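# Analysis of the macromolecular model
Chain by chain, the residues:
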Amino acid sequence: MNTEIDWTAYLAHMEQVLGVPMDDRRRAELLVQFSRIAEMAAPLMAFPLDERQEIAGVYKA
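Everything numeric in this text was worked out from a predicted model, so none of it was measured. (Residues numbered from 1 in each chain as written. Predicted model: local features only at pLDDT ≥ 70, side-chain atom pairs only at ≥ 80, totals over all residues. Heavy atoms only, no water.)

Together, Val17, Leu18 and Val20 line one region of the surface with nonpolar side chains, adding up to about 280 Å² of accessible area. Along the chain, leucine 18 turns up in helix α1 (residues 7-18). (Patch = residues over 30% accessible without salt bridge, like charges linked within 9 Å, V, L, I, M, F, W, Y side chains within 5 Å. Areas by Shrake-Rupley, 256 points an atom, 1.4 Å probe, with all protein chains shown as cover. Salt bridge = Lys/Arg side-chain N within 4 Å of Asp/Glu carboxyl O. Helix = DSSP H or I, 4+ residues; strand = E, 2+ residues; numbered from the N terminus.)

So, in structure tokens, the structure goes:
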């Protein structure tokens, strides 16, 4: 399973979808931050869950 994310494409898509144009400096800084966040999250995302383990709580009223 390939888990690499193309942050440049993601950011370009989000700019378009959200209608938030950015200059090159801001775009470059966001790419740095996204990469840092992904690096920090990698160990957590790699943690194996039991097949029956729920990944989020289910709340019923």
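Still more ground to cover, so stick around.
Bringing the environment of tyrosine 10 into the picture now. Structurally, tyrosine 10 is set in helix α1. Measuring from C-alpha to C-alpha, the distance between tyrosine 10 and proline 21 comes to 14 Å, with 11 residues separating the pair along the chain.

Before going further, it helps to examine the packing of aromatic side chains. For the structure on display, the rule yields three aromatic pairs. Judged by centre distance (5.6 Å) and plane angle (90°), the rings of tryptophan 7 and tyrosine 10 are edge-to-face. One end of the pair is tryptophan 7 and the other is tyrosine 10, both in helix α1 and three residues apart, which spans about a single turn. We classify tryptophan 7 as partly exposed; its relative accessible area is 21%. On the accessibility criterion, tyrosine 10 (37% relative accessible area) is partly exposed. Relative to phenylalanine 34, the ring of tryptophan 7 has its centre 5.2 Å away and its plane inclined at 40°; by these criteria the two rings are tilted. Of this pair, tryptophan 7 sits in helix α1 while phenylalanine 34 sits in helix α2 (residues 24-46), and the two are 27 residues apart along the sequence. (Phe/Tyr/Trp six-rings, centres within 6.5 Å; stacked < 30°, edge-to-face > 60°. Buried < 20%, exposed > 50% of the residue type's maximum accessible area, 1.4 Å probe, protein only.)

On to α2, then. For α2, with 23 residues, the first-to-last C-alpha span of 32 Å sits near the 33 Å given by 1.5 Å per residue. The sharpest bend along α2 reaches about 35° and sits at methionine 40, with the proline proline 43 one to four residues further on. (Expected span 1.5 Å × (residues − 1). Bend = angle between axes of the 7 residues up to and from the residue.)

Keep in mind these values describe shape, not function.
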